[in-house]
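# Examination of the molecular architecture
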Amino acid sequence: MPKLVIIGLDGVSPWLIKELLAQEKIPTIKKVIDHGLFATLKSVTPPVSIPAWLSLVSGKNPGELGCFTLFSKKGYDKTIRPVHNFVPFWEGLDVKCGIMNIPGTYPVKPLNGFMMSGLFTPTGASDFLYPAELKKEIELELKDFAFSVSWNNDDDFLRRIFHLSELRFSIATKLYLKQKPDLFMLVETNTDSLLHNMIKYIDHSSPLYSSNKYEEKIYDYFAYLDSLIGSFLKVVGEDVEVMIVSDHGFTSLHGTFALNKWLEDQGFLAVHGRSKGPQKVLSFFGINKTSVEKILSTLHLKKLVYSRFRGSGLGDLIPDANGISWYTAIRQGMIDFKKTKAFSAIDQGFIYINDDSEEQGSVTKEEYHHVREEVIESLRKIKIPGGELVIRKKEELFHGPFIEDAPDLVVFDRSFHHWPITAVRCPQLFNKVTEGKIKSGDHHSDGILISSQKSLGKEEYSLMDIHEIILRFFEEKNQTEKQVEKSDFDEKKGEQEVIQRLEDLGYLG
Ligand SMILES: [Zn+2]
């Protein structure tokens, strides 16, 4: 049986692969590209890891999965809802599979082969591995292994992801050798955390770009990852096809735009109480808590001023650039839903019409389409600095039984440099990304598909194509094997016929 190995590199973009190729950092991946294909893999909208990976392994649209982002809307609030209504390729194939660390696959279910869950496996969970007895094979690695790594500081973070990736591939090698699956898939998610936190050191277009020692270290991490993939492929052996995929790409974050501020300013969202006069004036001049803190820090006056004016109420007069979170606003009863026609919940550019299906809906079924068109018309006036707002209706993006749960509109910046947020009472619609914020990068729609398969030749694929490519790979191989068996049989049959004829003719005694 021919083998297929799929390596997922969460969040890796075509531009990053091109840069790594130019620097000659990834010889293993280069070998796969030279043999086959390097294409763009278009993610789902919005490009979020959980729906993206689940779409990739099932070939299903988020509307069929009932999973549009990490969170689901619950009333006007959000909740984490596990997704179980998907049939991944390992359930539809009659081949032995080894599946490791795909986000959203906790808890693991029995399959023909083995499985270790991935990102979002709860800390301390015991049911992350099937069959559970495999744990004894990887006891050593599990002592130190973690499904995710949080950022503490740059040095510590880099040290930990080097170590965690080493452990991940060590686990992969041990389990692979123990089980010898025909189809193996592993997802490395540390790449996503790395790019969220440290893209500013490698992307020259980032407003926070600064060339320093980390630039080289980040490229070294990808070189190390390439060497781990190379060593693993050596263990798998010769007769193997390789696919390297990502669930989405990455780009630098330039800023955010506050959708609920826009909706409030345009009269679609009603927030109790107006901004105080002095706050409005200060906002106009770009003065807010972040900028004041920055000035005080530069002048080394932060401590002194804070101790002198603490409790004076002065701080309340200075506007908060990041506004008040949507969830705080709901909990504090700041939103007048009876007067609200549209609102944004979940920081993925999700806009909901406050229709009859909502607890305090103000828009009737008959008014729904008209109100949605009004909101679209208004959103079209938003001019993103250096970007372009894309507005999509839910039926343009999703289909399937869960479309009712989808946001009525999804909006995003075409360049993905500006990320939509839900905070209310932001003094400004746009806020630039500032140093000190941990996140300097965010997801982009363009991921990668690298494959040794010569049968693939397009420049662009969709995440949803991968499921079909995997199924076809094994179907074609099975057919080829059957044909080989059949032609073997025919040859023998033919041989016997010849012998019989020769016997009949008396040539053979
Ligand atoms: Zn991801």
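This brings us to the overall build of the chain. When you go through the chain residue by residue, the secondary structure sums to 18 helices and 20 strands. Counting across all 509 residues of the chain, residues that qualify as buried make up 39%.

Right, let's talk about the nonpolar core for a bit. Judged by nonpolar contacts, the single largest core of 77 residues is most densely connected at Trp53, Ala172, Met185, Ile244, Val245 and Ile448. Apart from the residues within four sequence positions on either side, Val245 is in contact with Ile6, Gly8, Leu41, Leu56, Gly447, Ile448, Leu449 and Ile466. If you look at the next biggest cluster of nonpolar residues, it comprises 34 residues, including Trp262, Ile346, Leu409 and Trp419.

What follows concerns the packing of helix 2 (residues 27–35) against helix 9 (residues 213–236). Two quantities define a packed helix pair, namely the angle between the axes and the distance from one axis to the other. Packing of helix 2 against helix 9 brings their axes to within 7 Å, and their N-to-C directions diverge by 65 degrees. On the side of helix 2, the interface is formed by Pro27, Thr28 and Ile29, while helix 9 contributes Asp226, Ile229, Gly230 and Leu233. In terms of residue class, the contact of helix 2 with helix 9 is built from four nonpolar, two polar and one charged.

Attention shifts here to the sheet that holds strand 16 (residues 418–421). Overall, mixed pairing links the three strands, which are arranged 16-11-17 in an open sheet. Two strands bound the open sheet, and with one partner strand each, they are strand 16 and strand 17 (430–432). With strand direction ignored, the average angle separating the axes of adjacent strands in the sheet is 25 degrees. The pairing of strand 11 (residues 255–258) with strand 17 spans three bridges and is antiparallel. Paired with Gly255 across the bridge in strand 17 is Lys432.

With that settled, consider the pairing of strand 5 (residues 97–102). Of all six residues in strand 5, six are buried; the element is thus mostly enclosed. Across five bridges, the pairing between strand 5 and strand 6 (residues 113–117) is parallel. Bridge pairing links Gly98 to Phe114 in strand 6. By the bridge criterion, four bridges tie strand 5 to strand 8 (residues 183–188) in an arrangement that is parallel.

Here we come to the pairing of strand 19 (residues 446–451). Counting buried residues along strand 19, six of its six residues qualify, which places the element largely inside the surrounding structure. With burial as the criterion, each face of strand 19 is covered, one bearing Asp446, Ile448 and Ile450 and the other bearing Gly447, Leu449 and Ser451. Bridging between strand 2 (residues 37–42) and strand 19 involves six bridges; their strand directions are antiparallel. Note on strand 19: the bridge partner recorded for Lys42 is Asp446. Relative to strand 19, strand 9 (residues 240–245) runs antiparallel, the two being bridged by three bridges. Bridged to Met243 within strand 19 is Ser451.

Moving on, we get to the sheet that holds strand 20 (residues 460–462). Ordered by their spatial adjacency, nine strands build an open sheet running 7-6-5-8-1-9-19-2-20, and the pairing between neighbours is mixed. With one partner strand each, in any of the chains shown, strand 7 (129–130) and strand 20 form the two edges of the open sheet. Where helix 9 meets the sheet, its contacts fall on strand 1 (3–9), strand 8 and strand 9, and the angle it forms with strand 1 comes to roughly 165 degrees.

Moving on: helix 7 (residues 154–179). Here helix 7 is 26 residues long and its end C-alpha atoms lie 37 Å apart, about the 38 Å a rise of 1.5 Å per residue gives. Within the span of helix 7, buried status applies to Ile161, Leu164, Arg168, Phe169, Ile171, Ala172, Leu175 and Tyr176. Just downstream of helix 7, Lys180 is the residue with a positive phi angle, here 45 degrees.

Low-pLDDT stretches of the model should not have their predicted coordinates read in fine detail. Per-residue pLDDT for the chain has a mean of 87; in total, 83% of the residues score no lower than 70. Every residue in residues 486–495 scores below 50 in pLDDT, and together they form zero contacts with partners more than four places removed in sequence or on other chains. Within the model, the stretch residues 501–509 combines pLDDT values under 50 with four contacts to residues more than four positions away or in other chains.

What follows concerns the packing of helix 7 against helix 8 (residues 190–198). Between helix 7 and helix 8, the shortest axis-to-axis distance is 11 Å and the interhelical angle comes to 165 degrees. Between helix 7 and helix 8, the angle is such that the two are roughly antiparallel. Like other packed secondary-structure pairs, helix 7 and helix 8 cross with a definite hand, here left-handed. Of the residues in helix 8, those in contact with Asp154, Phe157, Ile161, Leu164 and Ser165 of helix 7 are Asn190, Leu194, Asn197 and Met198.

Now for the environment of Lys200. Following the sequence through the fold, Lys200 ends up in the loop between helix 8 and helix 9. For the pair formed by Lys200 and Ser252, sequence separation is 52 residues and the distance between their alpha carbons is 6.9 Å. Contact partners of Lys200, with chain neighbours within four places excluded, come to Ser206, Leu208, Tyr209, Ser210, Ser252 and Ser440.

The rules we used
Residues numbered from 1 in each chain as written. Predicted model: local features only at pLDDT ≥ 70, side-chain atom pairs only at ≥ 80, totals over all residues. Helix = DSSP H or I, 4+ residues; strand = E, 2+ residues; numbered from the N terminus. Buried ≥ 20, exposed ≤ 12 C-beta atoms within 10 Å, placed from the backbone. Core = buried A, V, L, I, M, F, W, Y, C linked by C-beta atoms within 7 Å. Contact = placed C-beta atoms within 7 Å. Axes fitted to C-alpha atoms, helices over the stretch in contact; angles between N-to-C directions. Nonpolar A, V, L, I, M, F, W, Y, C, P; charged D, E, K, R; others polar. Pairing = 2+ DSSP bridges. Expected span 1.5 Å × (residues − 1). pLDDT = per-residue confidence, 0-100. Parallel < 35°, antiparallel > 145°, perpendicular 65-115°, else oblique. Left-handed = near helix turned anticlockwise from the far one by under 90°.

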